[in-house]
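# Geometric and topological summary
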Amino acid sequence: MAADSFPQLIDDNDKLALVDGDNNYSYGEVNARIDRFATGLLNGQTDLQEERIAFFMPASLDYVTTMHGVWRAGGIAVPLNVASAVAELDHYLSSARVTRMIANDEYQESLRELCASLNIELVSVADVLADETVALPSLEPDRRAMMLFTSGTTNKPKGVVSTHKTIHAQITTLIEAWAWSENDVIPLFLPLHHIHGIVNILSCGLWAGATVHLFAKFDIPKITDQVIAGTYNVFMAVPTIYVKLIQYFDSIDAERVQQICAGFEPMRLNISGSAACPVKLFKQWRELTGQILLERYGMTEIGMGISNPYHGKRRAGCVGQALPGVEVQLFDEYDGAITEEALPGEIRIKGDNVFLEYWDNEKATRESFKDGWFCTGDVAVVEDGYYRIMGRSSVDIIKSGGYKLSALEIEGVLLNHDAIGEVAVIGVEDETWGESVTAVIALVEGAELDYDSLKQWCNGKMSSYKIPKAIKIIDELPRNAMGKVTKPALKEML
Ligand code: MCA
Ligand code: AMP
């Protein structure tokens, strides 16, 4: 591979790349391990020819080895959410036609039956690592590299396919815009099946030669210990994480709060994204830590598109301007480009950062582009040269704690419950989660249902963060003249 066209790690052998608990790994060690893993995956072949290889593991040396190993060997990396329910995994694995699954001991048991039924070979990283390395294939930049599943306005999540070129563009634009350097040290505690964790933190960090501290989950005491120790100079998170940090401050003594805030204060950058950062939160964070949050806007299909400036004014409630190499244009409902400020329109995006296709779904891919622009479904307005996100065109998408959830997917599961006649799932404004999943239910005649039993019934049928946080039982769902449930009316009612 030509190092300048692909997502890569720097080749400074001694520089510290990853910290995983008490273990430190240099770029030299990680690079060598990736080559051994890629060689093992190839197992005599010269190129994986876009074989879909799924992996099911939290942030770890093995995760990095697997992701880059699949890339170097010419496969398509399919990182999965370790919190997925089996039914969700079945959909991801079968729709992507995955042939091999990489998971380590503790996770293998939960996957064995499913992998066997789908004829997927289940192996650990150690099983694959070769003793020696062979020459790895030379790949064209437009080869498919990664598939991430995203929920949308359809019942089942779609596989978003990016090429090496896409990921390279997504990384390099952020390296430039946010001034990444090898002096950076950043914690990574976000899930690694989404762009935020994969590209913005892990891939940018490794491209820049920075040090990335890996956490299997958002472990507030451990992470804040390191903040107090002055370990990090960059911090990236979803708004819910800043809210949770502030909530944590209420549960600890004033001296520790002061130490944590003093640890954030000298950092060169704190970023918020994946969901709207409320102005109140922006102000609270500045008062507590002195940090002016840099808010940016992105999407699985495009990586990052719009960002407040690194140098220059970061405006609360706004997401800033188009990133370098990204074209952004607002369009009205008649597909006319909006050229005046203050008129809202749909955000459409062009650039090398835009994904290639929805896997095996030509129709959905075609419908999501107009005249070469990718249509995001998000509505924004420009005010004094800054984009401000106003909302989404679909009421069926909910953003909870940074996760994009499909109301239709959740409704599809809930409708299998014997007591539920009709259901509409909506996102209700919430201080912690941004939007909180709420199910409005009309029961089957004579049936009864309480929240706790429904929550229990949902366990194992969907990832836990999709399970409604509340239910509201009503006699009949409101519908318009076409028979469609009027979700805006329901939202207003709640
Ligand atoms: C956890 N819970 C949630 C969520 N997360 N409920 C609703 N929404 C959520 N997002 C629930 C669990 O089901 C559980 O419920 C309880 O909270 C505690 O779970 P736990 O895992 O301990 O919670 P946590 O560690 O505090 O997790 C909160 C979190 C997490 C750290 C904010 O949700 C998270 O990592 N979110 C970020 C997701 C992300 O990276 N999104 C980026 C995608 P119970 O106790 O009832 O079982 S967007 C993207 O990539 C684009 C390109 C972009 O712009 O960035
Ligand atoms: P996902 O497909 O999970 O990557 O989520 C992408 C969606 O997150 C976008 O289409 C937006 O609706 C939302 N989003 C991301 N960043 C922001 C932001 N800063 N403000 C508001 N919404 C955002």
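Right above here is the structure, for reference.
As a starting point, this report considers the structure included with it. Everything quoted here is computed from the prediction, not taken from an experiment. (Residues numbered from 1 in each chain as written. Chains lettered and ligands numbered in written order. Predicted model: local features only at pLDDT ≥ 70, side-chain atom pairs only at ≥ 80, totals over all residues. Heavy atoms only, no water.)

## Some remarks on empty space enclosed by the protein
- A full pass over the atoms with the stated rule returns two cavities of 30 Å³ or more.
- As a volume, the largest cavity reaches approximately 190 Å³.
- For the largest cavity, the lining is made up of 19 residues, of which Tyr92, Phe149, His193, His194 and Tyr465 are closest to its centre.
- Mapped by element, the contributors of at least two residues to the lining of the largest cavity are α3 (86-96), β7 (144-150) and β23 (403-406). (1 Å grid on protein atoms, 1.4 Å probe; cavity = no way out; pocket = protein on both sides within 12 Å on 5 of 7 lines; lining within 4 Å. Points joined across faces, edges and corners; volume = space filled by probe spheres on them. Helix = DSSP H or I, 4+ residues; strand = E, 2+ residues; numbered from the N terminus.)

## Examining the sheet that holds strand β2 (residues 23-26)
- On the basis of which strands lie adjacent, the open sheet formed by four strands has the order β2-β1-β10-β9 and mixed pairing. The open sheet has two free edges, formed respectively by β2 and β9 (185-188), since each of these has just one partner strand. Geometrically, the sheet is characterised by an average inter-axis angle of 20° between neighbouring strands, direction not taken into account.
- By the bridge criterion, four bridges tie strand β1 (residues 16-20) to β2 in an arrangement that is antiparallel. Paired with leucine 18 across the strands is tyrosine 25, a residue of β2. (Pairing = 2+ DSSP bridges. Axes fitted to C-alpha atoms, helices over the stretch in contact; angles between N-to-C directions.)

## Brief notes about the site of ligand 1
- Near ligand 1 you find 27 residues, and of these Ser274, Arg296, Ser400, Lys455 and Lys469 are the closest.
- A distance of 2.5 Å separates an oxygen atom of ligand 1 from a polar side-chain atom of serine 274.
- One of the backbone N or O atoms of glycine 401 is found 2.9 Å from a nitrogen atom in ligand 1.
- Protein contact buries 78% of the 1000 Å² of open area that ligand 1 shows by itself.
- Put simply, the parts of the chain that give the shell around ligand 1 at least two residues each are α7 (195-208), α9 (239-249), β13 (294-299) and β22 (397-400).
- For the shell around ligand 1, the class distribution of residues is eleven nonpolar, ten polar and six charged. (Near = heavy atom within 4 Å. Polar contact = N/O pair within 3.5 Å; in protein donor to acceptor, adjacent residues only side chain to side chain. Areas by Shrake-Rupley, 256 points an atom, 1.4 Å probe, with all protein chains shown as cover. Nonpolar A, V, L, I, M, F, W, Y, C, P; charged D, E, K, R; others polar.)

## What to know about unusual backbone geometry
- One non-glycine residue, asparagine 43, adopts positive backbone phi at about 45°.
- The topology assignment puts asparagine 43 in the loop between α1 (27-42) and β3 (52-55).
- With a phi angle near 75°, alanine 342 is a residue other than glycine that sits in the positive phi range.
- Turning to its location among the elements, alanine 342 is positioned in the loop between β16 (327-331) and β17 (345-350).
- Note on alanine 342: relative accessible area 54%, which makes it exposed. (Buried < 20%, exposed > 50% of the residue type's maximum accessible area, 1.4 Å probe, protein only.)

Shape is all these values report; function is a separate question.
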